[in-house]
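Fold and contact review
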Amino acid sequence: MTTVLGCIADDFTGATDLAGLLARSGVRVSLRIGVPEAPPADTAAFEVIALKSRTAPVAEAVAETRAALRWLQAAGAQRFFWKYCSTFDSTPQGNIGPVAEALMADLGTDQTIYCPAFPENGRSIFMGNLFVGQQPLAESPMKDHPLTPMRDSNLMRLLAPQVTRPVGLADRLTVAQGAEALRARLAELAAEGTAHVIVDAVANADLEVIAQACRDMPLMTGGSAVAMPLPGLYLADGTLAADAPKAVAPQLKAATIVLSGSCSAMTNAQVADYLARGAPAYQLDPLSVAETGAQPALNWLADQDLDRAPLIYATADPASVRTAQARLGVAAAGEMIEATLSACAVAARDAGARRVIVAGGETSGAVTKALGVTQLDIGAEIAPGVPWTYCTSAGHRMALTLKSGNFGAETFFTDAQEAL
Ligand code: ADP
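Residues numbered from 1 in each chain as written. Predicted model: local features only at pLDDT ≥ 70, side-chain atom pairs only at ≥ 80, totals over all residues. Heavy atoms only, no water.

1. A few points about the site of the ligand
To keep things clear, this is the line we draw: The criterion for a residue being near a molecule or strand is simple. One of its heavy atoms has to lie within 4 Å of it. In protein, a polar contact requires one atom able to donate a hydrogen and another able to accept it; more generally it is a pair of N or O atoms within 3.5 Å, and residues adjacent in sequence count only if both atoms are side-chain atoms. Under the convention used here, a 1.4 Å probe and the Shrake-Rupley method define accessible areas, while residue burial counts only the protein chains that appear. Here a helix means four or more residues in a row that DSSP labels H or I, a strand means two or more in a row labelled E, and each is numbered from the N terminus. Polar here means any residue other than Ala, Val, Leu, Ile, Met, Phe, Trp, Tyr, Cys and Pro, which are nonpolar, and Asp, Glu, Lys and Arg, which are charged; Gly is therefore polar.
Surveying the vicinity of the ligand reveals 18 residues, the closest of which are S262, E338, G361, E362 and T363. A314 places a polar main-chain atom, nitrogen or oxygen, 3.0 Å from a nitrogen atom of the ligand. Between an oxygen atom of the ligand and a main-chain N or O atom of G361, the distance comes to 2.8 Å. In the complex, 82% of the free accessible area of the ligand, which totals 580 Å², lies under the protein chains. Only α12 (318-328), α13 (330-350) and α14 (361-371) provide two or more residues apiece to the shell around the ligand. Split by residue class, the shell around the ligand holds seven nonpolar, nine polar and two charged.

2. Focus: the nonpolar core
Our working definition: Throughout this description, the term nonpolar core refers to a set of buried Ala, Val, Leu, Ile, Met, Phe, Trp, Tyr and Cys residues connected via side-chain atoms within 4.5 Å. Under the scheme applied here, a residue whose accessible area is under 20% of the maximum for its type counts as buried, over 50% as exposed, and between as partly exposed, the area being computed with a 1.4 Å probe on protein chains only. Boundary definitions for the domains trace back to an automatic or database domain assignment. Contact between two residues is taken to exist if any of their heavy atoms lie within 4.5 Å; hydrogens are not considered.
Core analysis: the largest hydrophobic core is formed by 113 residues, its most contacted members being F88, I113 and I210. The biggest single contributor to this core is helix α1 (residues 12-23), with seven residues. Counting contributing residues per domain, this core is built from domain 1 (5-237) and domain 2 (256-419), each supplying no fewer than three. Apart from residues lying up to four places away in sequence, F88 is in contact with I96, Y114, P116, L130, M150, L155, L158, L159 and Q162. Counting residues in hydrophobic clusters, the runner-up holds 19 residues, among them V258, I382, Y390 and F413.

3. Thoughts on the side chain of T414
Following the sequence through the fold, T414 ends up in helix α15 (residues 412-419). Judged by relative accessible area, T414 falls into the buried class, the value being 15%. The contacts of T414, once residues within four sequence positions are left out, are D273, Y274 and R277.

4. A short note on the sheet that holds strand β7 (residues 129-132)
For clarity, the cut-off: Being paired, for any two strands, means DSSP has found at least two bridges between them.
Reading across from one edge, β6-β7-β8 is the order of the three strands in this open sheet, with antiparallel pairing throughout. Every other strand in the sheet has two partners, leaving β6 (123-126) and β8 (135-136) as the edge strands with one partner each. Note that β6 and β7 share four bridges and pair antiparallel. Its bridge partner being in β7, I125 is matched across the sheet by L130.

5. Examining the pattern of salt bridges
The test is simple: Salt bridge criterion: a side-chain nitrogen from Lys or Arg within 4 Å of a carboxyl oxygen from Asp or Glu.
In the structure shown here, the tally under the stated rule is 20 salt bridges. Put simply, E188 and R185 hold a salt bridge, and the shortest N to O gap is 2.6 Å. One end of the pair is E188 and the other is R185, both in helix α6 (residues 179-191) and three residues apart, which spans about a single turn. Of the charged contacts, one joins R349 and D350 as a salt bridge, the two residues approaching to 3.0 Å between their closest N and O atoms. Given the relative accessible area of 9%, R349 is considered buried. Note on D350: relative accessible area 53%, which makes it exposed.

6. Observations regarding the domain arrangement of the chain
Let me state the cut-off plainly: When two parts are brought into contact, each loses some accessible area as probed by a 1.4 Å sphere; the total of that loss over both is the buried area.
Looking at the chain, the domain boundaries give domain 1 (5-237) and domain 2 (256-419). Averaged C-alpha coordinates put domain 1 and domain 2 at centres separated by 31 Å. Listed as interface residues are 15 residues of domain 1 and, on the opposing side, 13 residues of domain 2. Buried surface at the junction of domain 1 and domain 2, both sides included, amounts to about 1,200 Å², of which 59% is carbon and sulfur. Taken together, the links from domain 1 to domain 2 amount to two salt bridges. Here R24 ties to E381 by a salt bridge, and the two come within 3.0 Å at their closest N and O atoms. Summed over the shared surface of domain 1 and domain 2, the result is six residue pairs in polar contact (both at pLDDT 80 or more). If you list the elements that add at least two residues to the side of domain 1 that touches domain 2, you get α1 and β2 (29-33). Per-element accounting of the side of domain 1 that touches domain 2 gives the leading share, seven residues, to α1.

Quick look at the structure:
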């Protein structure tokens, strides 16, 4: 069907997060990994294109985003959403501002909003200042991020050096007065030539107001949360027909494989929980993988009953990870593990697994690539920001869930199986 909202996200897990929130409406949401090479076909009401542009050189990020925009326009979309991190991850060069300005130019629009707030996850904006929980952004752990250290909490000051046109604020006092007041404030700013408007939000009710006031803008930008009310608004006013295609969960065999390449604290707890339940499991030791490759893991897998959802994991505590990295090199250790888990995913699929649970952002990228998956339909939410997705791999319909490091509860691996 014709796409109603075209979304572009600057990284994969961000795209999944946004797609999951849009899918809470029940309407079909489709996620594409990278800009599809083929022209749009079998498009959904909500299309999300996942890029890997958060820390790419500005020109590259702009070019990729423009290509994504063209594809979404070809899918029929007339409204667009530019999704970045709720901690506004960027540098004085970009990429949030330059990408927004390029999209505005292509869409011929003079104004957009910026609302990275995600109150449910502790991201709020007041008087243009972004808070992470109770801390201003610049006092949160984001101040030490290796690629995008955030050393200022004021979104106007953060955005201004990234753009060529004036930056302004629609503050919480306006938002609290409702959509009409916010629209009036945006019009006032537009009349003054303010192209880029930061919008305060401290609670979900604020996001409802903002979505309502801005729903007809050609371009909105923000974290995932401000987009969440849009499907409901489109359904309510008929922009989206009440009988718009719903997400359909395919009937799939229970055969499952669990693959874990994340070493985050939460994933360590999730693996420990799954082991404690007596799940069949095989631990990948990077040092032995370096010697023997994937074969021993594949041999083990071949003997498993996939209905028991066996786990193959490289997940380890920080000290073991450091040891392996010191011996093999950080990148080489990571690539070896990713290659092994990817080979296991393909072997499990060929042995009949139709449900694949993956832990780890980079690991997820490697596994989807190995499975040849470039399009995912969003299904049931397992944990906030982590849905099941449905895809086709080597002609088989499959369910895939891709969890980045710190997401999900300790019981995630069993939660995922129960959610299908
Ligand atoms: P997260 O989402 O937690 O950041 P990722 O999959 O993005 O997880 O990153 C984890 C990286 O660490 C991957 O490249 C993975 O291959 C690598 N890795 C996993 N286990 C080990 C290990 N035991 N030793 C060294 N590197 C590992």
